[in-house]
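What the coordinates show
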Amino acid sequence: MYICLCRGITENAIKRLGEEGVLCPNALACELGLNEPDCCGRCLKNIERLTAIAQGQVRSVAG
Amino acid sequence: MKAKEGVVNVLNKVLTADLTAINQYFVHAKMCENWGYERLHHKVRERSISEMKDADELIGHILYLDGVPNVQRMNAVQVGETVLEQLKLDLKAEQEMLTLLSEGVVHCTKVTDFTTRHMLEDMAEDVDEHIDWIETQLETIKQVGVENYLAEQIKKES
Ligand code: FES
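Let me sum up the structure you'll find in this document. (Residues numbered from 1 in each chain as written. Chains lettered and ligands numbered in written order. Predicted model: local features only at pLDDT ≥ 70, side-chain atom pairs only at ≥ 80, totals over all residues. Heavy atoms only, no water.)

**Considerations on helix H4 (residues 47-54) of chain A**
Residue and element names in this part refer to chain A. The buried count for H4 comes to 6 of 8 residues, which makes it a mostly enclosed element. Where H4 is concerned, the buried positions are Ile-47, Leu-50, Thr-51, Ala-52, Ile-53 and Ala-54. Among the structural elements, strand S1 (2-4), helix H1 (11-19), helix H2 (25-32) and helix H3 (42-45) are those in contact with the buried residues of H4. Where H4 terminates, the next one or two residues include Gly-56, which has phi positive at roughly 75°. (Buried < 20%, exposed > 50% of the residue type's maximum accessible area, 1.4 Å probe, protein only. Helix = DSSP H or I, 4+ residues; strand = E, 2+ residues; numbered from the N terminus. Contact = heavy atoms within 4.5 Å.)

Dropping the structure here:
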């Protein structure tokens, strides 16, 4: 599923980033451009969840 | 008319879920159209429009109760990448909606607002039907496989 609609990012894309070593909240936010003003801010607020997905700790959301 | 305690709050919560659902179903419908799944496109689009009618009713009722409809708030729109994901995410949204409506019905009973209660009960009935429809689709997919199911969706509704 799409995790971030502002950036059009899927769950798998975030997992892939994690595999490439983008694992901490700051790096993820930066890599995905979540600090840009055209983002709604939802993902930045939920960055812990995104981080957990990158770290492979979340079972597929749409299971 | 002055609202009973907490009723506008309940209605606004349902409205939030509803506005979210309108967008979720609408984008799912358009994705299905883009993939050529005519049948699903129509069905899901219909669903989005019926949510819009609910929003119409909710906003009207909130105004009638001298409340302010919060059209600004939305939950996260859960967009699936495939039809199967979409169905599962829509099911989740409908189940959450049903919980919200049930809580609303309980609250309205407590504060004796029977008009609002009936409205929420009608909406819950609709949600029940939709849940039933999605569960049938998921069961069919389990039985015939997703490819066969999708092949059926390409045809126009006759
Ligand atoms: S949905 Fe990710 S920043 Fe808006």
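**Thoughts on the interface of chain B and chain A**
With 13 residues of chain B in contact, the opposing surface of chain A contributes 8 residues. The largest per-residue losses of area from chain B upon contact with chain A belong to Val-79, Glu-81 and Lys-88 of chain B, which jointly make up 47% of the total buried on that side. At the junction of chain B with chain A, the criterion picks out 4 residue pairs in polar contact (both at pLDDT 80 or more). Residue composition of the side of chain B that touches chain A, grouped by class: 6 nonpolar, 3 polar and 4 charged. (Buried area = accessible area lost by both parts, 1.4 Å probe. Polar contact = N/O pair within 3.5 Å; in protein donor to acceptor, adjacent residues only side chain to side chain. Nonpolar A, V, L, I, M, F, W, Y, C, P; charged D, E, K, R; others polar.)

**With respect to the side chain of Asn-12 of chain B**
One can find Asn-12 of chain B in helix H1 (residues 7-35). Those residues in contact with Asn-12 of chain B, other than ones at most four positions away along the chain, are Ile-62, Val-68, Pro-69, Asn-70 and Arg-73 of chain B.

**Concerning the pattern of salt bridges**
Residue and element names in this part refer to chain B. This structure, assessed with the given rule, holds 8 salt bridges over all chains. Salt-bridge contacts for Lys-30 lead to Glu-33; the nearest nitrogen and oxygen are separated by 2.7 Å. Here Glu-33 and Lys-30 lie together in helix H1, a separation of 3 residues that amounts to about one turn. We classify Lys-30 as partly exposed; its relative accessible area is 40%. When the shortest N-O distance is used, the salt bridge between Arg-47 and Asp-126 registers 3.6 Å. Taken together, the residues Arg-47 in helix H2 (residues 38-64) and Asp-126 in helix H4 (residues 114-144) connect sequence positions 79 residues apart. The partly exposed category is assigned to Asp-126, whose relative accessible area is 26%. Several salt bridges share partner residues, and in doing so they unite Arg-47, Glu-51, Glu-94 and Asp-126 into one network. (Salt bridge = Lys/Arg side-chain N within 4 Å of Asp/Glu carboxyl O.)

By themselves, these are just geometric observations and shouldn't be taken as functional.
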